[in-house]
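Structure at a glance
Residues per chain are reported as follows:
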Amino acid sequence: MTAKVPLRLGVNIDHVATLRQARHTPYPDLLQAARCCEAAGADGITIHLREDRRHIQDADVVLLRKCLVVPMNLEMANTPPIVRIAADIGPQEVCIVPERREELTTEGGLDVAGQQRELAKTTRLLRENGISVSLFIDPDIQQIEAAAETGAPYIELHTGTFCNAPDAAAPAALDRLVEAATRAHALGLKVNAGHGIHTGNLGGILEIPHLDTLNIGHSIVCDAVFNGLVIAVKTMRKAMRAYRGGRP
Ligand code: PXP
């Protein structure tokens, strides 16, 4: 199987902001980080404006929206204050995620089936503002079918279970991602994926069919500590070129 279009890379730069917020310094400069990612071939920049503002700040969203060359993908919870910010600032894409203050990172997908009306309402409002919408969900067929009813054009599959699985559990977790992407595509949804992806587990991720974009953050920023951000993004970009549209 040959991919019709190359797999796109959205680089999540939240953890550049995590370093900055650890000391409340003006550095490292988030815009400079975004420019490095763009120069290295990133197709998009992803940031998560969390309700507790632990890394990305409101001013970052405004500045990046003004200065980025590539599209901005804003990850956010479906809460009225955050939805208002998104509608005002107008990123090209929004990915709605579940959010809990005590979590280290986004630990699971949305319960779309349980909040279908609320998500459909937000999706409609954002799309009326010219923003494309993606719903971050676990590879669960019921959730995918519910997502297709909300009017969101994209889902983002949560790859964390596969990426963090012990060897014995990984094949079953990968099968679930493959089945989920297949079903989503059949329902007319576009499919992104993200969470926990690094060059060591990318081979499995590339078995998932119908992928549009991978959103990758933590491993790229970690690699950047030793090799620099431009090299880290280029390395991931190059490894993703092996995508042939999923399992043969
Ligand atoms: N996609 C979504 C929706 C996320 O919440 C995150 C984590 O912020 C990522 C992708 C990136 O995950 P990681 O930092 O593990 O690469």
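Everything discussed here concerns the structure shown above.
Residues numbered from 1 in each chain as written. Predicted model: local features only at pLDDT ≥ 70, side-chain atom pairs only at ≥ 80, totals over all residues. Heavy atoms only, no water.

Here the focus is the pairing of strand β5 (residues 132–137). Of all six residues in β5, five are buried, a share of seventy percent or more. One ladder, built from four bridges, connects strand β4 (residues 93–96) with β5; its direction is parallel. Bridge pairing links E93 to S132 in β5. You can see the chain leave β4, run along helix α5 (residues 116–128) and come back into β5, and the turn it takes is right-handed. Looking at chain direction, β5 and strand β6 (residues 154–158) are connected through four bridges and run parallel. From the neighbouring strand, L135 faces β6, where its bridge partner is I155. (Buried < 20%, exposed > 50% of the residue type's maximum accessible area, 1.4 Å probe, protein only. Helix = DSSP H or I, 4+ residues; strand = E, 2+ residues; numbered from the N terminus. Pairing = 2+ DSSP bridges. Right-handed = clockwise from strand over helix to strand, strands pointing away.)

Time to look at the packing of helix α2 (residues 30–39) against helix α11 (residues 229–240). One way to put it is that α2 packs onto α11 with a least axis distance of 8 Å and a crossing angle of 40°. Classified by the angle between their axes, α2 and α11 sit oblique to one another. When the axes of α2 and α11 are compared, the crossing they make is right-handed. Contacts from A33, C36 and C37 of α2 reach α11 at L229, V230 and V233. Considering only residue class, the contact of α2 with α11 consists of six nonpolar, no polar and no charged. (Axes fitted to C-alpha atoms, helices over the stretch in contact; angles between N-to-C directions. Parallel < 35°, antiparallel > 145°, perpendicular 65-115°, else oblique. Left-handed = near helix turned anticlockwise from the far one by under 90°. Contact = heavy atoms within 4.5 Å. Nonpolar A, V, L, I, M, F, W, Y, C, P; charged D, E, K, R; others polar.)

Buried residues dominate strand β8 (residues 211–216), accounting for six of its six residues. In this sheet, β8 lies alongside strand β1 (residues 8–12) in parallel orientation, the contact comprising four bridges. What sits directly across from G10, in β8, is N215. Where strand β7 (residues 190–194) meets β8, four bridges bridge the pair, whose relative direction is parallel. Note on β8: the bridge partner recorded for A193 is L214.

All right, on to the site of the ligand then. Residues in contact with the ligand amount to 14 residues; listed here are only the nearest, T106, E156, G196, G217 and H218. Contact between the ligand and N12: an oxygen atom at 3.4 Å from a side-chain N or O atom of the residue. Here an oxygen atom of the ligand sits 2.8 Å away from a polar atom, N or O, in the main chain of G196. The fraction of the free accessible surface of the ligand (400 Å²) that becomes covered by protein chains is 94%. (Near = heavy atom within 4 Å. Polar contact = N/O pair within 3.5 Å; in protein donor to acceptor, adjacent residues only side chain to side chain. Areas by Shrake-Rupley, 256 points an atom, 1.4 Å probe, with all protein chains shown as cover.)

Taken N-terminus to C-terminus, the directions of α2 and helix α3 (residues 58–67) make an angle of 40°; their axes are 10 Å apart at the nearest point. The handedness of the crossing between α2 and α3 is right-handed. Seen from α2, the contacting residues are L30, L31, A34 and R35; seen from α3, they are D60, L63, L64 and C67. Its residues placed into classes, the contact of α2 with α3 shows six nonpolar, no polar and two charged.

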